[in-house]
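So you can see what is in the structure, the chains are spelled out below.
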Amino acid sequence: MNGQVRADIRPGLEVDIVLKQDQPTGKLTHGTVKDILTNSPRHPHGIKVRLTSGQVGRVKNITGN
């Protein structure tokens with residue numbers, strides 16, 4: 001799953017995100033979803049989430065449950 005559909009993402013899910021400062025390089029950060037920040041049902045660049053670590057970025061891959 002590519003992280004563009006809000007319904008696919010829920011708190012507790014393990015994901016790879018791209019942080020704002022890593023957008024030019026596309027570097028991925030792995031973590032667990034704490035909050036979903038995007039309100040729309042879909043987003044072409046990925047749903048924005050906050051990880052349990054406090055980092056915020058857009059989901060690129062859903063890696064686990």
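In case you missed it, the structure is sitting above this.
A short tour of the structure in this document, coming up. Small disclaimer: the values here were computed from a predicted structure and weren't measured. (Residues numbered from 1 in each chain as written. Predicted model: local features only at pLDDT ≥ 70, side-chain atom pairs only at ≥ 80, totals over all residues. Heavy atoms only, no water.)

## Here we look at the pattern of salt bridges
Applying the stated criterion across every chain, the model contains one salt bridge. With its nearest N and O atoms 2.9 Å apart, the salt bridge here joins Arg50 to Asp35. Highlighted residues: Arg50 in strand E3 (residues 48-51) and Asp35 in strand E2 (residues 29-36), separated in sequence by 15 residues. Judged by relative accessible area, Arg50 falls into the partly exposed class, the value being 30%. (Salt bridge = Lys/Arg side-chain N within 4 Å of Asp/Glu carboxyl O. Helix = DSSP H or I, 4+ residues; strand = E, 2+ residues; numbered from the N terminus. Buried < 20%, exposed > 50% of the residue type's maximum accessible area, 1.4 Å probe, protein only.)

## A closer look at the side chain of Asp22
Structurally, the position occupied by Asp22 is in the loop between strand E1 (14-19) and E2. Despite its burial, Asp22 remains without a salt bridge, the nearest opposite charge being carried by Lys27 at 4.3 Å. Contacts of Asp22, omitting those with residues within four sequence positions, involve Lys27 and Thr29. (Lys, Arg positive; Asp, Glu negative; His and termini not counted. Contact = heavy atoms within 4.5 Å.)

Take it as geometry only, folks, not as evidence of what the structure does.
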